[in-house]
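Next come the chains, spelled out residue by residue.
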Amino acid sequence: MTTTYAVLSEGLEKRFGAVHALRGLDLAVATGTVCGILGPNGAGKTTAVRLLTTLLRPDAGSARIAGHDLVREAAAVRRRIGVTGQYASVDGDLTGRQNLRLFARLHRVRGPAERAGELLDRFGLAEAADRPASTYSGGMRRRLDLAASLIRRPEVLFLDEPTTGLDPASRNLIREAVRDLTADGTTVLLTTQYLEEADQLAHDIALVDRGRVTHTGSPAQLKSLIGTHVEAVVADTDAMGRAAGVLDQLTGGQPSFDHERNAVGAVSRDATLTLPRLVRELDAAGVPLLDVSLRPPTLDDVFLRLTEDDKERVA
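Rules used in this analysis
Residues numbered from 1 in each chain as written. Predicted model: local features only at pLDDT ≥ 70, side-chain atom pairs only at ≥ 80, totals over all residues. Heavy atoms only, no water. Helix = DSSP H or I, 4+ residues; strand = E, 2+ residues; numbered from the N terminus. Buried < 20%, exposed > 50% of the residue type's maximum accessible area, 1.4 Å probe, protein only. Contact = heavy atoms within 4.5 Å. Areas by Shrake-Rupley, 256 points an atom, 1.4 Å probe, with all protein chains shown as cover. Lys, Arg positive; Asp, Glu negative; His and termini not counted. Charge placed at Lys NZ, Arg CZ, Asp CG, Glu CD. Pairing = 2+ DSSP bridges. 1 Å grid on protein atoms, 1.4 Å probe; cavity = no way out; pocket = protein on both sides within 12 Å on 5 of 7 lines; lining within 4 Å. Points joined across faces, edges and corners; volume = space filled by probe spheres on them. Nonpolar A, V, L, I, M, F, W, Y, C, P; charged D, E, K, R; others polar. Axes fitted to C-alpha atoms, helices over the stretch in contact; angles between N-to-C directions. Parallel < 35°, antiparallel > 145°, perpendicular 65-115°, else oblique. Left-handed = near helix turned anticlockwise from the far one by under 90°. Domains from an automatic or database assignment. Core = buried A, V, L, I, M, F, W, Y, C linked by side-chain atoms within 4.5 Å. Phe/Tyr/Trp six-rings, centres within 6.5 Å; stacked < 30°, edge-to-face > 60°. Lys NZ or Arg CZ within 6 Å of the ring centre and 35° of its normal.

Caption draft 1: The overall build of the protein, seen in detail. Regarding its fold elements, the protein presents 11 helices and 14 strands. In the protein, which comprises 315 residues, the share counted as buried stands at 50%. At a minimum sequence separation of 6, the contacts of the protein that also span at least 24 residues come to 67%. With the model as given, the accessible surface of the protein reaches about 15400 Å², and the carbon-plus-sulfur share is 48%. Side-chain charges of the protein comprise 39 positive and 42 negative groups, with the mean position of each set lying 9 Å from the other.

Laid out in structure tokens, this is it:
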């Protein structure tokens, strides 16, 4: 198991007084993949990262990181991981180059100057390498922070919302770096507020809510749980009922109405439903169409639907 999974946790629990932050977290992350950790605010994502990086000790449960026990072999775990938190932790009084050389020396990396130069080039910071980090933009500081977390070539890299607040160009640079890392065999755990980012980068998604992993799977697998969004915009209000009847018959989903737009929508789990068939059926029912569409679900749809379903079950 430890050779197959870079991260494997079972039943991790953590309390902070009366707050039960983690309630039995089970997680399995295959080596050399990106696992996106998604969930609403307060779901336990950051607590999970802090536990798995040895910053907190679990109250119950167990985990192995890169083949080492999280509690009994914490020092070995720390030697094999890199961490980039939600806020850049570089020293603003030092230059970018000095920051990376310092991290290299602290971690006893051979050739600290060479390794610093390599990472400055990789993250597009070579021209600003000898400027104080306090003069860097937010995106540059985040890139420098990520470079520092890679100074030892970690086997497992934890990224806790690494692109929050960054401009699109900086986000793209970090995303490309993540792809390069997994291509080289590094395992990445990524928490992010940008669901399209998880969709682009993650091989698998773990949806965390109320301190547990509630759903797992690839982005495509999770989207298949939601179904295709079907919508028909009609020319007059009187036709909305007929359109709803057609959508109900074709999709089996409960139609919804947008009276301001004269639109009727539904969700279909029938993967064989096509746009031409939908148009033919609506036309046969005498529905005057202005527009019709089939839209595959996004991770935003998955997130909203599955977390809402969980809330309803608890209630």
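From this point on, the discussion continues.
Caption draft 2: Structural context of the sheet that holds strand β5 (residues 68–69). Taken in spatial order, the four strands line up as β2-β1-β4-β5 in an open sheet, and their pairing is antiparallel. In the strand order of this sheet, the two ends are held by β2 (19–30) and β5, each with one partner. Of the strand pairs in this sheet, strand β4 (residues 60–65) and β5 are connected by two bridges, and their pairing is antiparallel. Bridging from a neighbouring strand, I65 pairs with H68 of β5.

Caption draft 3: Inspection of the layout of surface pockets at higher detail. Roughly 320 Å³ of internal volume is contained in the largest pocket. If you go around the largest pocket, you meet 15 residues; those closest to its centre are I81, G82, V83, H107 and R152. Of all the elements in the fold, those that place two or more residues in the lining of the largest pocket are β6 (81–84) and α5 (138–149). Here the residues of the lining of the largest pocket are counted per class, giving six nonpolar, six polar and three charged.

Caption draft 4: Inspection of the packing of helix α9 (residues 240–251) against helix α10 (residues 275–284) at higher detail. Packing of α9 against α10 brings their axes to within 10 Å, and their N-to-C directions diverge by 135 degrees. One element, α9, and the other, α10, form an angle in the oblique class. Here the hand of the crossing between α9 and α10 comes out right-handed. Contacts from A243, V246, L247 and L250 of α9 reach α10 at R277, L278, E281 and L282. Within the contact of α9 with α10, the residues separate by chemical class into six nonpolar, no polar and two charged.

Caption draft 5: Main features of the domain arrangement of the protein. Assigned domains within the protein: domain 1 (5–223) and domain 2 (227–296). Once you take the C-alpha centre of each, domain 1 and domain 2 turn out to be 43 Å apart.

Caption draft 6: Quick peek at the nonpolar core. Of all hydrophobic cores here, the largest spans 43 residues; its most connected members are L100, F123, L144 and L146. With five residues, the top contributor of residues to this core is α5. Apart from the residues lying within four places of it in its own chain, the contact partners of L100 are A116, L119, L120, L144, A147, A148 and I151. One finds A6, L25, L27 and A43 within the second-largest nonpolar core, a separate group that totals 26 residues.

Caption draft 7: Highlighting the packing of aromatic side chains. Enumeration over the complete set of coordinates arrives at zero aromatic pairs. The ring of Y194 carries R171 above its face, with NZ or CZ at 4.8 Å from the centroid.

Caption draft 8: View of empty space enclosed by the protein. Within the structure shown, the criterion is met by one cavity of 30 Å³ or more. Taken together, L25, L27, I37, K45, A48, V49, L52, L189, A206, V208 and V213 make up the full set of residues lining the largest cavity. Going through the elements one at a time, β2, α1 (45–52) and β9 (204–209) are the ones with two or more residues in the lining of the largest cavity. Ranked by residues supplied to the lining of the largest cavity, first place goes to α1 with four residues. A per-class count over the lining of the largest cavity returns 10 nonpolar, no polar and one charged.

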